[in-house]
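Examination of the molecular architecture
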Amino acid sequence: MADLNGRVTIITGAGSGIGRSLVKAFVEAGARVFAVDMSGERLAETAEAVGAPEALATHVADVSDKGPIEAMLAAAAERFGPVEVICNNAGILDRMMPPDEISDDLWDRVLAVNLTGPFLVTRAALPGMIERGGGIFVNTCSIASFLGGRGGVAYTATKHGILGLTRAVAATYGDKGIRCNGIAPGSVKTNIAAGSEPSAAGWALRQKGLATRPPQADPDDIAPTAVFLASDEARYVNGACLVVDAGWSAY
Ligand SMILES: NC(=O)c1ccc[n+]([C@@H]2O[C@H](COP(=O)([O-])OP(=O)(O)OC[C@H]3O[C@@H](n4cnc5c(N)ncnc54)[C@H](O)[C@@H]3O)[C@@H](O)[C@H]2O)c1
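Criteria and thresholds
Residue positions are counted from 1 within each chain, in the order its sequence is given. Where totals are concerned, whole chains, interfaces and linings use all residues; where local detail is concerned, this predicted model gives features only for residues with pLDDT of at least 70, and gives and counts side-chain atom pairs only at 80 or more. Water and hydrogen atoms play no part in the side-chain values, which are based on all heavy atoms of the structure. UniProt positions are given in the numbering used here, feature names are shortened, and annotations may be inferred rather than shown by experiment. Only the six-membered ring of Trp is used, alongside the rings of Phe and Tyr, when aromatic pairs are assigned; centres must lie within 6.5 Å, and planes under 30 degrees apart are stacked while those over 60 apart are edge-to-face, with the rest tilted. Should the NZ of a Lys or the CZ of an Arg lie within 6 Å of a ring centre and within 35 degrees of the ring normal, that charge is described as sitting over the ring. Numbering of helices and strands starts at the N terminus; helices are DSSP runs of H or I of at least 4 residues and strands are runs of E of at least 2. The contact criterion used throughout is that any non-hydrogen atoms of two residues lie within 4.5 Å. Here, axes are lines fitted to C-alpha atoms. For helices the fit covers the stretch in contact, and angles between N-to-C directions go from 0 to 180 degrees. Crossing chirality is assigned from the near helix's rotation relative to the far helix, an anticlockwise turn below a right angle marking it left-handed and a clockwise turn marking it right-handed. Only Asp, Glu, Lys and Arg are considered charged in this grouping, and only Ala, Val, Leu, Ile, Met, Phe, Trp, Tyr, Cys and Pro are considered nonpolar; every other residue, Gly among them, is considered polar. Paired strands, in this sense, are two strands between which DSSP finds at least two bridges.

Going by what an unreviewed UniProt entry lists, the chain is known as NADP-dependent 3-hydroxy acid dehydrogenase YdfG and is assigned to Pseudoxanthobacter soli DSM 19599. Regarding the chain, the UniProt comment filed under Sequence similarities (unreviewed entry) reads as follows: "Belongs to the short-chain dehydrogenases/reductases (SDR) family."

What follows concerns the packing of aromatic side chains. Within the structure shown, the criterion is met by zero aromatic pairs. The lysine or arginine in question, Arg150, covers the ring of Trp248, its NZ or CZ lying 4.2 Å from the ring centre.

Structurally, Val113 is set in helix H4 (residues 104-132). Distance from Val113 to Arg79, taken between C-alpha atoms, is 25 Å for residues 34 residues apart in sequence. Those residues within four positions of Val113 in sequence are excluded, and the remaining contacts are Val63, Ser64, Ala90, Gly91, Ile92 and Pro118.

So, on to the packing of helix H1 (residues 17-28) against helix H2 (residues 40-50). Two quantities define a packed helix pair, namely the angle between the axes and the distance from one axis to the other. The contact between H1 and H2 brings their axes to 10 Å, and the two run at 35°. Our pair here, H1 against H2, has a crossing hand that is right-handed. Every residue of H2 that contacts H1 at Arg20, Val23, Lys24 and Val27 is listed here: Arg42, Glu45, Thr46, Ala49 and Val50. Its residues placed into classes, the contact of H1 with H2 shows four nonpolar, one polar and four charged.

With that out of the way, let us pick up the sheet that holds strand S3 (residues 56-60). If you walk across this open sheet you meet the seven strands as S3-S2-S1-S4-S5-S6-S7, and the pairing is parallel. Unpaired on one side and paired on the other, S3 and strand S7 (241-244) mark the two borders of the sheet. With strand direction ignored, the average angle separating the axes of adjacent strands in the sheet is 15°. Alignment of strand S2 (residues 32-37) against S3, held across five bridges, turns out to be parallel. By the bridge assignment for S3, Asp37 is matched with Val60. The strands that helix H7 (residues 219-230) touches are strand S4 (85-88), strand S5 (135-140), strand S6 (178-185) and S7; relative to S6, the one it contacts most, it runs at about 165°.

Quick look at the structure:
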């Protein structure tokens, strides 16, 4: 595993699934991790699962809420020093709702968490990174960043959107020492679908996708790619989105 050399790293959505695995992998790789989630309970479970090392701090915040974002960055800096890496990972599903069925509320919530959240965190972190001449973003995209049938309309639009955010940040700040890349998991065994039964149309779409789906990943299958992108091994990688799906999107 690459050496993250004490890098101060914020990981959002750290209370479960891929985020929890990112916390574990980043701590193991030597990062100092500021784990953020809207659920304090889940964060406590993550801290317990990782063994609550010195290099880990937890912080409750909803990334879609503009107010607490600056405070989150300030708290991370106070605990560990200026933030060097951000993993914009928090995300939710949309019950695979098709465009003609999705409600305003669900559309707004999925956009707020999956796209506005990463944008707000990124915008707040950039000035410090520009001033210090470096910074790294690893955004959790999805194969729904490239394909139309792996989520509902809001999930697909936001995952295409976060890829656009990733490329825009890379293109705008690459010459300032800032790298911004994505990881695109396929299907991963996490809690993301809990309490979110797919709509009938979404279920039909899902069945089509299942025909070519490789066995689901474990979150630990995904995290090493994020560690790589946050490391100096990836120093020449910028604006990329690395697909980690066992070939699902190759079909
Ligand atoms: N599971 C998959 O198959 C899969 C595939 C591709 C991409 N992804 C992406 O991976 C990321 C993580 O998803 P997961 O599968 O680990 O899901 P998960 O539900 O297991 O974990 C998501 C975590 O994010 C937190 N969260 C949700 N909204 C938040 C908010 N507004 N502010 C802060 N925290 C919030 C939740 O409390 C939860 O702990 C998401 O961006 C998701 O779109 C997942």
